[in-house]
Amino acid sequence: MLSKMLFFLIIIVLAIAVVTVARMKPVAKTDLIHLSSIQDIAELYPASVSEISRRMHVYLKNVKKQIDILKQISDEQRTFANTAQALDDASNKSDLQIFASVLAAIKYLHPDAALRDASEKAISEISAFFVELFADKEVYGAFKAYVLGNAQKENLTPEQRYYLSESMKDFK
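Residues numbered from 1 in each chain as written. Predicted model: local features only at pLDDT ≥ 70, side-chain atom pairs only at ≥ 80, totals over all residues. Heavy atoms only, no water.

### Looking at helix α9 (residues 158–170)
- With 13 residues, α9 should cover 18 Å at 1.5 Å per step; its first-to-last C-alpha distance of 19 Å lies within 8% of that length.
- Among all positions of α9, only L164, S167 and M168 are buried. The arc that holds the buried residues of α9, viewed along the axis, is 105°, so those residues lie on one side. In α9, the exposed residues that point more than 90 degrees away from the buried face are P158, E159, Y162 and K169.
- Looking at the packing, one finds that the buried side of α9 touches α4 (80–92), α7 (137–148) and α8 (150–153). (Helix = DSSP H or I, 4+ residues; strand = E, 2+ residues; numbered from the N terminus. Expected span 1.5 Å × (residues − 1). Buried < 20%, exposed > 50% of the residue type's maximum accessible area, 1.4 Å probe, protein only. Arc of directions from axis to C-beta. Contact = heavy atoms within 4.5 Å.)

Below you can see the structure in the form of structure tokens.
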């Protein structure tokens, strides 16, 4: 009984953290950051192994679409918003990344071993995807073209310039 109460308390704290982060800065519309009720929070957490797999694949497909769009932009048309911010949104603020955080809570706290195991497997797949993303030569080429090209002419804040500098290191 106490472990279930602790599990649900941690779920609520995690959901509040997700909502707080999501509301800090406007990002591309995602399904998981628009929480407005306890029911929305409860629905963050998959109830079955098959739901974990299904949702992970849906969110993964969505991020891949975002990355494909980023890759298709010509170097001359690259901006902070359509390149750097788009990559940040896809890699850090996407439903896939939020879902990975939800899965981490399940992995460590859920009383059902099958859900814990499925969460661990999904987290591994998501992590591998993001490692591959930052090893993708086309993504690197697009980001680098922006950093060495239009970013030099764009009126960026010091924070945005710092982000570009640090993000370039992520590709190495």
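### Quick look at the pattern of salt bridges
- Applying the stated criterion across every chain yields a total of 8 salt bridges.
- Put simply, R55 and E51 hold a salt bridge, and the shortest N to O gap is 3.1 Å. Here R55 and its partner E51 are both found in helix α3 (residues 49–72), 4 residues apart, which amounts to about one turn of the helix.
- For R55, a relative accessible area of 5% translates into the label buried. (Salt bridge = Lys/Arg side-chain N within 4 Å of Asp/Glu carboxyl O.)

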